[in-house]
Amino acid sequence: QVQLVESGGGLVQAGGSLRLSCAASGRTFSSYGMGWFRQAPGKEREFAAAITGNGGRTYYADSVKGRFTISRDNAKNTVYLQMNSLKPEDTAVYYCAAHTADWGIRILRDNYDYWGHGTQVTVSS
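Treat the numbers as computed from the prediction; the structure is a model and nothing was measured.

So, about the side chain of Arg67. Mapped onto the elements of the fold, Arg67 is located in the loop between strand E6 (58–60) and strand E7 (68–73). There is a polar contact of 2.7 Å between the side chain of Arg67 and the side chain of Asp90.

With that settled, the discussion passes to the pairing of strand E8 (residues 78–83). Among the six residues in E8, five count as buried, and that is most of the element. Sheet analysis places strand E3 (residues 18–25) next to E8, joined by six bridges and oriented antiparallel. Following the sheet pairing, Ser21 is matched in E8 by Tyr80. In the sheet, E7 pairs with E8 via six bridges, with the strands oriented antiparallel. Directly across from Arg72, in E8, lies its bridge partner Val79. Linkage of E7 to E8, two consecutive antiparallel strands, is achieved through a turn of four residues, within which Asn77 is found at a positive phi near 55°.

What counts and how
Residues numbered from 1 in each chain as written. Predicted model: local features only at pLDDT ≥ 70, side-chain atom pairs only at ≥ 80, totals over all residues. Heavy atoms only, no water. Helix = DSSP H or I, 4+ residues; strand = E, 2+ residues; numbered from the N terminus. Polar contact = N/O pair within 3.5 Å; in protein donor to acceptor, adjacent residues only side chain to side chain. Buried < 20%, exposed > 50% of the residue type's maximum accessible area, 1.4 Å probe, protein only. Pairing = 2+ DSSP bridges.

As far as function goes, none of this settles anything; it's purely spatial.
If you want it as structure tokens, here you go:
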């Protein structure tokens, strides 16, 4: 079992920044890939960013590319999402997720085995 707990969400003005954290426990953190997804009210949960187990590769949705940065600290069992130049359309509940099949990049929700409970990010205009 893998437990994931997100933190760092909040209310920020457009153009501002937030850093989300996701603390993992249970299994060897570096052996699996991690992702961040988000879900806005009335919309499907969508992919935002992913990172390999060793942190060597990352991948982003076009909507966040150039503004968000995913990273991980395997010594702390934590993955981060640095969000800059935030826009009102970034408002959503943000979820971190882990896939344990391998340590590669995955962008589909169904590929992920474990999910956190989410943290709310609200960007005011």
